[in-house]
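Each chain, letter by letter, is given below.
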Amino acid sequence: MVEDVAPEGPEALRKELERYRLVVTDLHGKIRELESELQITTAMAEMPGVIVTRPELQQTMSRLISKIAMIVQCEKVMIFLYHGESGELALLPPSLGLTEEQAANAVVKPGEGIIGEVYESSESVIYNDALNDARVLPEIVSALRIRNGIAVPLVIKQRNEEERIVQERTIGVAQVCNKRYEQEFDQDDLRLLEMLAEQAAAVISNAQLYITLTEEKERLEDALESMRSGVIVVSSEGDIRLMNRAACEVLQLPADGYEGKQFTEVVSDDQILNLLQETISEFREQSTEVELDNEEVHRVETSMVVGENGTVSDVVLIFTDITDIRHVERMKTTFVSTVSHELRTPLTSIKGFISTLLDDVEGLYDERTRREFYEIIDQECDRLTRLISDLLNISRIESGRALEMTIEPVNLPEVVQRVLTAQQEYTSRHNLVNAVPTDFPTIEADKDKVAQILDNLVGNAIKYSPDGGDIVVSGTDEGDSIRIDITDHGLGIPARHREKIFDRFQMVEGDSKRKGIKGTGIGLYLVRHLARAHGGEVSLSWSEVDEGSTFTVVLPKVPQIEQSAEQ
Ligand code: ADP
C-alpha cells in the first residue's frame, strides 16, 4: 500500500513517483483480473442448469465459445474431446473460426502434437510461434492457419463436502489460437482460459451424462413401445410407472398416459389385480393365464424390482398373447378325436364286410354281391391308406424333415383321370370332369405326391359341395410351370378364412351347412407343403360363399427342391 511520506528533494520525489507508478500498474492488473473474473462469472451464470439434448449442448457450447473468444481475445476456439471407442481426440461442435471440413478433419491421438500432449500430461501449453514450434503438428498448423495459441486440459474435478478435490479426470483439451491485434498470448490469458476450461469441462460432462441417460431412456421407451408383449411397471404403492402400447391394447384401453394413475383404477380384472397383490405380499414372482372379455388368452408374469433396502420397489407385469397356442391345442385335441373317428369308420366297415363274408359258410351271397363287398373293402382300405399317408407326411413336416421325393416324368392328364375315377366311386351326385388337354406337357415330379395333392383337392371339392354339381379339373401350360385349377360349385369359403384354411388343423367353423361334414383340418396344410416341396404353390384363386371355389396348383416343370440336411 502507498504510505504518506514527506518529499525530500527531487531524487526522493522520483522514487516516490516510481513507487506510485508500480502501484497503479499493479492496480490496473488487478482491475483487469477482476473484470475478466466478472466476465467469466457472468458467462457461467448464463449457462443453462441442465442440458439434456445434443442441440441444447451445441447451443450452450456456441455461447461459451463466443465468450471465450471475447475474453481471451482470439480468432479460433476449439474443444477437443477424447472418445474411448476410437481412442482419438475429436472436436466437439461447434468450433469458432474453422470451416466444417477443417473441423471434421481435426482429429488427433493422445500424445500427438500439442493437443495430444496436453491431454496426456494434463499440463497447459502456450506457444507463440506455431510455424517453428516442433510440438505443433505441421499439418494442423497449415490446415488451420495457426500462428499462436494456448491449449489447456479439460479437467473434471470431483470435490468432497468440504469442497476439496478428491478426483480429477481429463476429458479433453480446449485450444484457443491466433491472438487478435498482432499480440501474443501470455500467462494472464492462460489463467483465464484455464478457469473457463474448468467450467466448460463441468458443463460438458454433466450434459453428456444427462444426454446419455436421456437417450438411453428414450431407446428403452422406444423398445418397450415396439414390444409385442404388454408391459406395465407398477410401484409398490400401486401407481403405474410405465405402461406400453401393447399393454393398452391387451387391456383394450385407449393408448393414453396412465403413468401416475392408480393401477386399480385402470385395470379391473380380478385375476391380474390378485397376481400383483400376491407378488408383493408373498415376495415371489408369479404367473397366471387370463382369458379376457375378447376371448384372447394371455400369460401374465410378474417380476420384482427389489430396492436397496431389500423390499419390492416396483413390479413388472408382462403379458404374452397365447391365444393361438391355446387355439392350436384345442384344435389338436379335436384333431385326435376326428382322426380316431376317421380311422375307425373304414375299419368298422372293413371288419363288418369281412365278418359277413366269413359267416356266410352256406354261400348265401351270390358272386355279384360278394364282389360288391370286396370292392367296398378295397375302397375303405384305400381311404385308410390315404389317411395314414397324410398323417405320416404331416409328422415328417412337423418334425422339420424334408419329404422323401421320387422324381419321375408325370403325365398329368393320366394322373388326373386316375384320381377322378377313384373319387367318382364315392359319389353319384357330382360330375367329375377332366378338362386337362391330352397333349398337356409332361412334368418332372413325385407322381404319388402330385396324385395326393389332386386327390385331396378333388376330395374337398366333393365334400364341400353337398348339393352335388360339376367339379372341373383344368390345366394350363404356363411356360416354365403348369397350372391345375379345381373348380367346384359348393359352399365356398368366407373371406376371413381364405388364408387360414392352409394352416394346420384349421377348419371353417360355425357354419350350419358344414355341420355333418367330417374333416381333420390337415388336408390343405399338407397339400401346400407337398406343392412347395416341388418349388410350387397351392392357393385359393376364387371363392364365393354358396357359389363355389377354385383351388389352383402351380408346379414347375422341373422341380426346385430345397435340399435339407436331414433326408
Ligand atoms: P378338412 O379335413 O377339414 O377338409 P382341409 O385342410 O382339407 O381340412 O380344409 C380346411 C377347411 O377348408 C375345411 O374345413 C373346409 O371348411 C375348407 N375347405 C376346403 N376345401 C373347400 C372347398 N372346396 N369348398 C369349401 N370349403 C373348403
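Residues numbered from 1 in each chain as written. Predicted model: local features only at pLDDT ≥ 70, side-chain atom pairs only at ≥ 80, totals over all residues. Heavy atoms only, no water.

1. Digging into the overall build of the protein
Secondary structure assignment for the protein yields 14 helices and 18 strands. Radius of gyration (C-alpha) of the protein: 44 Å, far over the 24 Å computed for a compact globule of 567 residues. For the protein, the spread of C-alpha atoms along the three principal axes comes to 170 × 60 × 40 Å. Long-range contacts, defined as pairs at least 24 residues apart, comprise 59% of the intrachain contacts of the protein with a sequence gap of at least 6. Of the roughly 32400 Å² that the protein leaves accessible, carbon and sulfur atoms contribute 50%. (Helix = DSSP H or I, 4+ residues; strand = E, 2+ residues; numbered from the N terminus. Rg over C-alpha atoms; globule rule 2.2 N^0.38 Å. Contact = heavy atoms within 4.5 Å. Areas by Shrake-Rupley, 256 points an atom, 1.4 Å probe, with all protein chains shown as cover.)

2. As for the environment of valine 315
With respect to the helices and strands, valine 315 occurs in strand S11 (residues 312-321). As for valine 315 and isoleucine 240, which are separated by 75 residues in sequence, their C-alpha atoms are 9.7 Å apart. When residues no more than four places from it in sequence are discounted, the contact partners of valine 315 are Ile232, Val233, Val234, Leu276, Thr279, Ile280, Thr302 and Ser303.

3. Remarks on the sheet that holds strand S3 (residues 107-108)
An order of S3-S2-S1-S6-S5-S4 is seen for the 6 strands of this open sheet, with the pairing classed as antiparallel. Two strands lie at the open edges of the sheet, namely S3 and strand S4 (125-127), each paired on one side alone. Sheet analysis places strand S2 (residues 88-91) next to S3, joined by 2 bridges and oriented antiparallel. Bridging across to S3, leucine 89 finds its partner in valine 108. Each of strand S1 (74-83), S2, S3, S4, strand S5 (149-159) and strand S6 (165-179) touches helix H4 (residues 113-121); the most contacted strand, S6, lies at about 160 degrees to it. Where helix H6 (residues 187-226) meets the sheet, it contacts S1, S4, S5 and S6, and its direction lies at approximately 50 degrees from that of S5. (Pairing = 2+ DSSP bridges. Axes fitted to C-alpha atoms, helices over the stretch in contact; angles between N-to-C directions.)

4. As for the nonpolar core
Formed by 48 residues in total, the largest nonpolar core has its most connected members in Leu457, Ile484 and Ile486. Considering each element in turn, this core owes the most residues, 8 residues, to helix H13 (residues 447-463). Taken together, domain 4 (326-394) and domain 5 (397-556) each give at least three residues to this core, which thus spans both. Setting aside residues up to four positions removed in sequence, isoleucine 484 forms contacts with Leu412, Val436, Phe440, Leu454, Val473, Ser474, Gly475, Phe551, Thr552 and Val553. Core analysis: the second largest hydrophobic core is formed by 33 residues, Leu64, Cys74, Ile79 and Val176 among them. (Core = buried A, V, L, I, M, F, W, Y, C linked by side-chain atoms within 4.5 Å. Buried < 20%, exposed > 50% of the residue type's maximum accessible area, 1.4 Å probe, protein only. Domains from an automatic or database assignment.)

5. Quick look at the domain arrangement of the protein
You can read the domains of the protein as domain 1 (13-40), domain 2 (47-215), domain 3 (227-321), domain 4 (326-394) and domain 5 (397-556). For domain 3 versus domain 4, the distance between C-alpha centres works out to 53 Å.

6. Topic: the pairing of strand S15 (residues 469-477)
Relative to S15, strand S13 (residues 430-435) runs parallel, the two sharing 6 bridges. The partner of asparagine 434 across the bridge, within S15, is valine 473. Where S15 lies against strand S16 (residues 481-488), 6 bridges are found, and the strand directions are antiparallel. Across the sheet, the residue bridging to aspartate 477 is isoleucine 482, located in S16. Between S15 and S16, which pair antiparallel one after the other, the connecting turn spans 3 residues, and glycine 479 there sits at a positive phi close to 90 degrees.

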